[in-house]
Amino acid sequence: MAFDSVREFMEALDKSRDIVRIKEEVDWELEAGAINRRCYETQGPAVLFENIRDYPGHRILGGSLGTYRRVAIALGLDPDTPIPAIHQEYEQREQHPIKPVVVDSGPCKENVLMGEDVDLSLFPAPMIHDGDGGRYLGTWDIVVTNDPETGWTNWGMYRFMINTRRTLSGDPSPISHLALVFREKYLPKKKPMPMALVIGADPLCHMVATGGYGIDVDEADFAGALRGEPVELVKCETSDLLVPAHAEIVVEAEILPDGIAPEGPFGEYPGYRTGIARTGVLCQVKAITYRNSPILTMISLGVPVDDASVAAALTAGISMKRRLERHGIPVTAVYAPPEGVTHLVIIGVRSGGTEMARRIRDVFLARRVMVNKIIVVDEDVDVYDVGKVLHAFAVKCHPVNGIIVEEVPAGKANMLTPCYSYEERKIMKGGIDVFDCTWPVEWPRETLPIRSSFDCIYPKEIRDKVLQRWGQYGLK
Ligand SMILES: Cc1cc2nc3c(=O)[nH]c(=O)nc-3n(C[C@H](O)[C@H](O)[C@H](O)COP(=O)(O)O)c2cc1C
Ligand SMILES: [Mn+2]
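Calculation criteria
Residues numbered from 1 in each chain as written. Chains lettered and ligands numbered in written order. Predicted model: local features only at pLDDT ≥ 70, side-chain atom pairs only at ≥ 80, totals over all residues. Heavy atoms only, no water. Near = heavy atom within 4 Å. Polar contact = N/O pair within 3.5 Å; in protein donor to acceptor, adjacent residues only side chain to side chain. Areas by Shrake-Rupley, 256 points an atom, 1.4 Å probe, with all protein chains shown as cover. Salt bridge = Lys/Arg side-chain N within 4 Å of Asp/Glu carboxyl O. Buried < 20%, exposed > 50% of the residue type's maximum accessible area, 1.4 Å probe, protein only. Core = buried A, V, L, I, M, F, W, Y, C linked by side-chain atoms within 4.5 Å. Domains from an automatic or database assignment. Contact = heavy atoms within 4.5 Å. Helix = DSSP H or I, 4+ residues; strand = E, 2+ residues; numbered from the N terminus. Phe/Tyr/Trp six-rings, centres within 6.5 Å; stacked < 30°, edge-to-face > 60°. Axes fitted to C-alpha atoms, helices over the stretch in contact; angles between N-to-C directions. Parallel < 35°, antiparallel > 145°, perpendicular 65-115°, else oblique. Left-handed = near helix turned anticlockwise from the far one by under 90°. Nonpolar A, V, L, I, M, F, W, Y, C, P; charged D, E, K, R; others polar. Arc of directions from axis to C-beta. Buried area = accessible area lost by both parts, 1.4 Å probe. Pairing = 2+ DSSP bridges. Patch = residues over 30% accessible without salt bridge, like charges linked within 9 Å, V, L, I, M, F, W, Y side chains within 5 Å.

Participant: Help me understand the site of ligand 1, please; the structure alone is not making it clear to me.
Facilitator: The environment of ligand 1 is formed by 19 residues, the closest being N154, M157, Y158, S173 and H177. One nitrogen or oxygen atom from the side chain of Y158 is found 2.8 Å from an oxygen atom belonging to ligand 1. Between an oxygen atom of ligand 1 and a main-chain N or O atom of R159, the distance comes to 3.0 Å. With the chains in place, 81% of the 630 Å² that ligand 1 exposes on its own is no longer accessible.

Participant: I'm lost on the pattern of salt bridges in this one. Help?
Facilitator: Where side chains of opposite charge bring their charged atoms close, a pairing between them can arise. Here the structure, examined in full by the defined rule, presents 38 salt bridges. With a shortest N-O distance of 3.0 Å, R361 and D362 are connected by a salt bridge. Take R361: its relative accessible area is 12%, and that puts it in the buried class. What you see here is one network of salt bridges that share partners, running through D4, D202, R227 and E229.

Participant: I keep staring at the nonpolar core and nothing clicks. Help me out?
Facilitator: Counting 74 residues, the largest nonpolar core has W155 and V377 as the members making the most contacts within it. A domain-level breakdown of this core finds at least three residues from each of domain 1 (6-298) and domain 2 (327-447). The residues contacting W155, other than those within four sequence positions of it, are I142, V143, V144, C205, V208, A209, E219, A220, A223, V231, L233 and P244. Residues A32, C39, L113 and I199 belong to the second largest nonpolar core, which totals 43 residues.

Participant: I tried to follow the environment of F454 on my own but got confused; where do I start?
Facilitator: Within the secondary structure, F454 sits in helix α12 (residues 454-457). Once you skip the residues sitting within four places of it in the chain, F454 turns out to touch R463, V466 and L467.

Participant: How do you make sense of the packing of aromatic side chains when you look at a structure like this?
Facilitator: Aromatic ring pairs are defined here through the distance separating the ring centres and the angle between the ring planes. Applying the stated criterion across every chain, the model contains 9 aromatic pairs. Centroid distance F123 to Y290: 5.1 Å. Interplanar angle 90°. Geometry classified as edge-to-face. Here the residue F123 occupies a position in the loop between β5 (111-114) and β6 (136-138), and Y290 occupies one in strand β15 (residues 279-290), the gap between them amounting to 167 residues. Accessibility assignment for this pair places F123 and Y290 in one class, buried.

Participant: Could you clarify how one ought to interpret the packing of helix α8 (residues 307-326) against helix α9 (residues 354-365) in this entry?
Facilitator: Packed helix pairs are specified by the crossing angle of their axes together with the interaxial distance, meaning the distance between the axes. The N-to-C vectors of α8 and α9 enclose an angle of 115°; their axes lie 10 Å apart at closest approach. The pairing of α8 with α9 is recorded here as roughly perpendicular in orientation. As for how α8 packs across α9, the hand of that crossing is right-handed. Facing α8, whose interface residues are M320, R323 and L324, α9 presents I360, V363 and F364. In terms of residue class, the contact of α8 with α9 is made up of 5 nonpolar, no polar and 1 charged.

Participant: Is there a simple way to think about helix α1 (residues 6-15) in this case?
Facilitator: One full turn of an α-helix is made of 3.6 residues, so residues set three or four places apart face in the same direction. Where α1 is concerned, the buried positions are V6, F9, M10, A12 and L13. Viewed end-on, α1 has its buried residues packed into an arc of 155°, placing them on one side of the element. Residues of α1 that are buried make contact with β1 (19-22), β2 (46-49), β3 (59-62), α3 (68-74), α6 (203-209) and β16 (295-298). Two residues or fewer after α1 comes R17, characterised by a positive phi angle close to 60°.

Participant: Quick question: what am I supposed to make of the domain arrangement of the protein here?
Facilitator: Interfaces are often sized by the amount of accessible area the parts lose when they come together. Each assigned domain of the protein is listed with its residue range as follows: domain 1 (6-298) and domain 2 (327-447). The gap between the C-alpha centroids of domain 1 and domain 2 is 32 Å. Facing 13 residues of domain 1, the contacting portion of domain 2 comprises 16 residues. Carbon and sulfur atoms supply 73% of the area that domain 1 and domain 2 bury against each other, a total of about 1300 Å² over both sides.

Participant: Mind showing me how you'd approach the sheet that holds strand β19 (residues 373-378) here?
Facilitator: Strand pairing in a sheet relies on backbone hydrogen bonds. The paired strands run either parallel or antiparallel. Here we have 5 strands laid out as an open sheet, ordered β17-β18-β19-β21-β20, and mixed in their pairing. At either end of the open sheet lies a strand with only one pairing partner, and these are β17 (331-335) and β20 (403-408). Within the sheet, the average angular offset between the axes of one strand and its neighbour, ignoring direction, is 20°. Summarising the sheet, β17 and strand β18 (residues 344-349) pair through 4 bridges and their orientation is antiparallel. Bridged to Y335 within β18 is I346.

Participant: I'm lost on a nonpolar patch on the surface in this one. Help?
Facilitator: Taken together, I450, F454, I457, Y458, I462 and L467 make up a surface patch of nonpolar side chains, about 570 Å² in accessible area. Residue assignment for the nonpolar patch shows that the elements contributing at least two residues are α12 and α13 (460-469). Within the secondary structure, I450 sits in the loop between β21 (430-437) and α12.

Participant: Sorry if this is basic, but what is going on with the pairing of β21 here?
Facilitator: Along a regular strand, successive side chains alternate from one face of the sheet to the other. Most of β21 is tucked away, with 7 of its 8 residues classed as buried. Summarising the sheet, β19 and β21 pair through 5 bridges and their orientation is parallel. From the neighbouring strand, V376 faces β21, where its bridge partner is D436.

Participant: Which parts of the structure should I look at to understand the sheet that holds β1?
Facilitator: Overall, mixed pairing links the 4 strands, which are arranged β1-β2-β3-β16 in an open sheet. Two strands in the sheet have a free side with no partner beyond their single neighbour: β1 and β16. Sheet twist, expressed as the mean angle between neighbouring strand axes with direction ignored, is 20°. Where β1 lies against β2, 4 bridges are found, and the strand directions are parallel. From the neighbouring strand, I19 faces β2, where its bridge partner is A46. This element, α1, spans β1, β2, β3 and β16 of the sheet and lies at about 110° to β1. Here helix α2 (residues 31-41) sits on the sheet in contact with β1, β2, β3 and β16, set at roughly 160° to β2.

See the structure below:
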């Protein structure tokens, strides 16, 4: 059922006409990024650039999971599967992690560059947006690192740009698992941290790399869960790290304990260029292995909806739901619509009211606060139906009592949120609002306004009669 490689996945996209293979010569400098970006903004297809200026034999794939259709295909579902059903399927599969298996070799070893042969300029890293700090080799990637004490292998999607022929620079945030292990296990000993930058693996591997799984959790097990079968991994040439055997390109590197390098700016996931830091970690490349005619996966990140916002809607929505459940919130459903780029989240609850809204706020305040707007609705409002949520917000959120406003102190807010001032982003200060769109619990139930909808305002016998005779009326 699962696709082993991005190539098999692309064949499925061919069948459903969700990919266009571009034979015209396309420039790696801005043109490929602009085409990929415009495809997102016109609900267009994934694009495979087969003819890239200066790089014969190399290919770039943009937008592999840029729509829910493509996510459904990656999961082996009907492309037209409705969004709530995709979320349910995803959530259900994730409950059964499957450990990866180690194999002796794989397509990613078809070509091996070591020593003097190592040269990042052999690959068509695109200049994605005008004004980017450089050419990004890693955007839709998987960065593999390891905790030397516990054996925990982390997969995270972090961007990496080319610094020199044999060095990369990247911007893993201080709360990323990569930064955590680097800070705690390598920096104190002044040891370089081995990493592998994996490009062009099976799409579900990339998907889990974007997800916020717990500390000590191997994302690979969840890629197995989504695939319904284990991911095949193969050992790196210059470290003990294991990487997906069917990947297109694997850059084996070490993050240096004593170096920094220019990094960014970049068009960020909230849809604006908001980043402030202009330096990042420095990585020394040790080896590069790649398939014949390799496919470099990329994302021209920006305003939603794109691969990042769809992936985040799935992974963040599900992890927020689990977290709220752990804190005893009677949550029925959580949806972080892609258009809200995880800055806005909609939460359905079995029992609402101001106290519940405060409890929800406190769950979010307990950690770094990446979300800044939370909409809480009663369980009879479908969280996936943004029009219905807007209706609830318009008429059920009291303009004085229904809004909880809270400042988020320095060091805890999202440094990429566009509405924060430059100074706020710099010190990571911000805020969070909860919009309580539920009926106050203290209102006697018999005084609640009756919803004037077919389901709520008509007696059952009338509804049954109307439904039964629908066709007879000449209605479809
Ligand atoms: C396209 C894309 C690019 C990303 N780039 C970065 C990045 O450069 N740095 C970062 O800290 N997180 C980045 N993220 C978010 C991380 O992938 C996400 O937080 C993930 O949970 C990280 O894995 P971890 O939880 O194991 O640290 C990016 C996400 C996407 C979809
Ligand atoms: Mn992780």
